[in-house]
Each structure stands twice: as C-alpha cells, then as structure tokens.
Protein chains: 2
Amino acid sequence: MNLILLEAAEISISGDVTLDDARGVHLTRVLKVGAGQQIRVGLLDGAIGTGTVTDVRDRGVTLRCEFNAPRPSRPRVDLLLALPRPKVMRRLWPQLAAIGVGQIILTNAERVERDYFDTHVLSAETYGPLLIEGLQQARDTRLPIVSVHRRFKVLVEDDLDGLFGGVRLVGDPQSEARVASALVDANRDQRVLVAIGPEGGWNDFELRLLQAHGFQAVGMGPRTLRTDTACVALLSAIHDAISRV
Amino acid sequence: MNLILLEAAEISISGDVTLDDARGVHLTRVLKVGAGQQIRVGLLDGAIGTGTVTDVRDRGVTLRCEFNAPRPSRPRVDLLLALPRPKVMRRLWPQLAAIGVGQIILTNAERVERDYFDTHVLSAETYGPLLIEGLQQARDTRLPIVSVHRRFKVLVEDDLDGLFGGVRLVGDPQSEARVASALVDANRDQRVLVAIGPEGGWNDFELRLLQAHGFQAVGMGPRTLRTDTACVALLSAIHDAISRV
C-alpha cells in the first residue's frame, strides 16, 4: 500500500477518519506509524493528499486528512478482454488497476467457457476491493470502469463506439507489428484500446470482425503467453509507447 | 501446454515415449488427441520436433517422436531479482520461463525478509516443474539457469562478472530513462541483465553499488508496481526493445 484510499463518506467534516479494517492493520503492523506521522491518502475517484496520524490504537489509526493534490487523470489505456477463467481473472484485477486502465470491457468469445460468466469474480463485491488493492499499490485513485458483454458481435458492431473513441489495437500472435510502431501516429489526447483474446486466441471470425471495426493487429514476439502475462506485457508496452508521444 | 517437454531418458531408442502423468492427462482430457494425430514436442534443453500419437488409453498416451527442428537459442535477457516473498516467487517462476530469461539470479537486499530464503519455493524440486510449465506455454525448451546468492555485496563485487557479460540495467522508479532508449546502442549479440529490487525498492547503498558496477537505471513510468507485475513489464519491454535492434 503506497497510498491509503478513502471513500468520501468515511471522512468527517473536519477531515478525520478512523481506520480499523485492513488499512488500519497495515498502518499499525506493517508501516508501524506513530502520532504525527504523515502518510499519503487518496479519495476514491478523487484528489490525493496527506493524512496526519492523530491517534494509534491496537488495531486502528485515526488520521486528519487534507486533499491538496489534484485528482489523477484517468489512464489513457483501455482493455477489451475475452473473459479468462476465474482464477486468472481474480489474479488480474489488482494488476490491471496497478498498471493503469481507464475501463475494462469483458466479453465472450468462442474459446471462452460459458460458465466463466456465472462466477462471483465478476461481481462488484469481489472485484471492487481487488481493483482498490491495485490502485493503492500504484498511488492512483481512479477506479477503472468495468462492463460485461456476453455477446461479442453486438459489443463490437453496436456498443463499442459508445464506449470508446481512439486508437484500437488487437493482440495477435501471428502479427509482426510491434506496439511502438502501431502507436507512432497517436497523439497526446487519444485513448488506446487493446483487445486481448482467450487462451487459444480469437477465432478467425472474431479477429476479422475486430479488424473490420478498426482494430490494428500487434504482435508480442514469438512466445505464446498466458492471458494474465500477456495483459501485463501488452498494457505496459502501450503505456511505455504513449508516454513517449 | 503448447508443446510437450520430454526428458531424453524418457524416450526409447526407437523414439517412443508413454506419458501417464499430467502431460498424458492434458493430451487425453484437454486436447482429446486420437491415434495418428501430431503434436509439438520438445527435448528439455534440446531440439523441438513432432510426436505422432500411436496409442491412447484412459489416462495415458504413447507418442513416436522425431526431433527435426533445432534447439531454440537461449533468451538474451537475464534477471537479477531481490528475492520476493514465497507466494510471489511461486507465481513468478512459470511467468519468467514463459517470457524468456536465460538465467535467474536471486539475491538478498536490506528489504528482503531473512526467512524468504528458507522456503521450499527455492528448491529445484519446486521450481523445476513451474519453469517447465512456463516453457511448455511459450514453446521453449531452454530451462533458465537459477542461482541463489545470499550476500548481495559479494554477488555484485565478486561473482557477477563470472555470471554475466553484457548490458546491465536496474529498475529504479525514480529514473526518467526508458528501456527502449537505454538499449538503443545494444548490438545483436549482447545479452541484457536487468536488476529488480524488493517491494519497497533497493536502498541507497544497493542502488549505488549496482550503478558503480555498470547498471544503468531505467524507470517504468510513474506507477509503483508489485514485484511480479514489474518483472513481467520490464522483461517484456526489454524483449520488445532488443527484437527491434
């Protein structure tokens, strides 16, 4: 935890908040804070600031908070992901929030098992805390927007233009094009959306449909990676490329 | 599993191998192979080839193998890693082998807990199968060389020149330099070693010692990542950069 995320409703009018949950335990047991110490705090989807420790008890800490740094801008990269199996998706949530994505669009594909959609790993009660874990790691406050689309064709043909405007990429092991060259002409204001397929890849129909809707294929070298490894690798390559634009 | 890895001792003189372990189960249950079908096989640390299914039973499969493609070259990227906690290290082994590393040099640092070194996640019996899992994912046969060095200063001052020759990078969140620009002058034959610190980072002494021994600092953008996410992100950025050289 490199920043403690707070919800507005937790904070009193004078700026005080008492933490006796995992955050409080982290402050007392791991960071071993003492009265007067200052720690970095953030408001969920809001500004960043400083919390001064005013009281420490066995399992809890009281902070007086001041939010004096602006709200971070939303990460410029979005992800369209064919739903991986629940164990992999659970592992991905905090990593996606840490690397930085503006929205996470989950969808179906031929090689996605139907029952993946019936899992609690897609409920906000499960993924909310996992996303927050990633934001606290990366010192961000902006919760990615999550949407689930069971019909791939409807998503790509009808819904996607409303969800996203910008440069569209699709990860394709067959492609020789690299992320950096695909984004050479992107400008500073454009968002980038990357589509990542299921284990086993998009089928031909899916790949053609994506390409017909403006998705440009990019490769990741000759090695086939697991979905979660591929997500981290591609998203960080995109961040790297647009930070140089 | 995109390739089935075999050890030379498993294969008869005529090229036959019978698999009744996890590999056999994968072939029958997941890939649902039938007699006559061809699958990709590799020899651990050796050549790549084709296995033709000659017999299928409930839990086992017999293949006749022919190794007709050359041994893959060793990945040109090496990793020097401050030992993370066991749960993270266990998750990293297959991902490191999949992304492709020639050697994995594990070491101590001030912010590494002492008891991390006493865990079975550092025994070859544990990490061997996890590395093989990653190789089978990425269709590689070259097992990374693993070494464990409890004394950081001795490693950097005395042992490292014997282990590695090439370009040296160290991940440093404070640095503005990007991987791609740091490797602009690397040539096709050079290996790249990247040092990644513990959660909380290298301390000042460690960072200075690394820089005094030729490690050039590279940043990863403004976000602080978990060790395993940072490893995947940095290693894939390096592979991306050297594939363009």
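Quick caveat, the model's predicted, so the values are computed rather than measured. (Residues numbered from 1 in each chain as written. Chains lettered and ligands numbered in written order. Predicted model: local features only at pLDDT ≥ 70, side-chain atom pairs only at ≥ 80, totals over all residues. Heavy atoms only, no water.)

Draft legend 1. Up close: the sheet that holds strand β11 (residues 215-218) of chain A. Residues and elements named next belong to chain A. If you walk across this open sheet you meet the six strands as β8-β7-β6-β10-β9-β11, and the pairing is parallel. Strands with a single pairing partner mark the edges of an open sheet, and in this sheet they are β8 (145-149) and β11. Between one strand axis and the next, the sheet turns through 20° on average, direction left out of account. Bridge count between strand β7 (residues 103-107) and β8: five bridges; the pairing is parallel. (Pairing = 2+ DSSP bridges. Helix = DSSP H or I, 4+ residues; strand = E, 2+ residues; numbered from the N terminus. Axes fitted to C-alpha atoms, helices over the stretch in contact; angles between N-to-C directions.)

Draft legend 2. Spotlight on the interface of chain B and chain A. Contacts between the two partners involve 30 residues from chain B, matched on the other side by 30 residues from chain A. Between chain B and chain A, the buried area comes to about 2,400 Å², and carbon and sulfur atoms account for 45% of it. Here chain B is connected to chain A by four salt bridges. A salt bridge links B:R178 to A:D240; the shortest N-O distance between them is 2.5 Å. Between chain B and chain A we count 19 residue pairs in polar contact (both at pLDDT 80 or more) in total. Residue assignment for the side of chain B that touches chain A shows that the elements contributing at least two residues are α2 (86-99), α3 (124-138) and α7 (227-243) of chain B. In terms of residue count, α7(B) provides more of the side of chain B that touches chain A than any other element does, eight residues in total. Class assignment of the residues belonging to the side of chain B that touches chain A gives a composition of ten nonpolar, nine polar and eleven charged. (Contact = heavy atoms within 4.5 Å. Buried area = accessible area lost by both parts, 1.4 Å probe. Salt bridge = Lys/Arg side-chain N within 4 Å of Asp/Glu carboxyl O. Polar contact = N/O pair within 3.5 Å; in protein donor to acceptor, adjacent residues only side chain to side chain. Nonpolar A, V, L, I, M, F, W, Y, C, P; charged D, E, K, R; others polar.)

Draft legend 3. Layout of the relation of the copies chain B and chain A. Aligned on chain A, chain B shows an RMSD of 0.0 Å; the corresponding rotation is 180° and the shift along the axis is 0.1 Å. When the rotation and shift are considered jointly, the pair of chain copies conforms to a two-fold rotation axis. Judged by C-alpha distance, B:A233 is the residue of chain B that lies nearest the rotation axis, at 2.6 Å. A shared interface surface links the copies, since 100% of the contact residues of chain B are contact residues in chain A too. (Least-squares fit on C-alpha atoms with pLDDT ≥ 70 in both.)

Draft legend 4. Focus on the sheet that holds strand β4 (residues 48-56) of chain B. All names here are of chain B. Pairing in this open sheet of five strands is mixed, and the strands run β1-β3-β4-β5-β2 from one edge to the other. At either end of the open sheet lies a strand with only one pairing partner, and these are β1 (4-6) and β2 (16-19). The sheet shows a mean angle of 40° between the axes of neighbouring strands, direction not considered. Judged from the three bridges that link them, β1 and strand β3 (residues 38-43) form a sheet pairing that is parallel. Within β3, the position partnered with I4 by the bridge is V41.

Draft legend 5. Expanded view of the nonpolar core. Within the largest apolar cluster, 136 residues are counted, with the highest numbers of intra-cluster contacts made by A:W93, A:L183, A:W202, B:W93, B:L183 and B:W202. If near-sequence neighbours (up to four positions away) are discounted, A:W93 is found in contact with A:I104, A:L106, A:V121, A:L122, A:Y127, A:L130, A:L131 and A:V146. (Core = buried A, V, L, I, M, F, W, Y, C linked by side-chain atoms within 4.5 Å. Buried < 20%, exposed > 50% of the residue type's maximum accessible area, 1.4 Å probe, protein only.)

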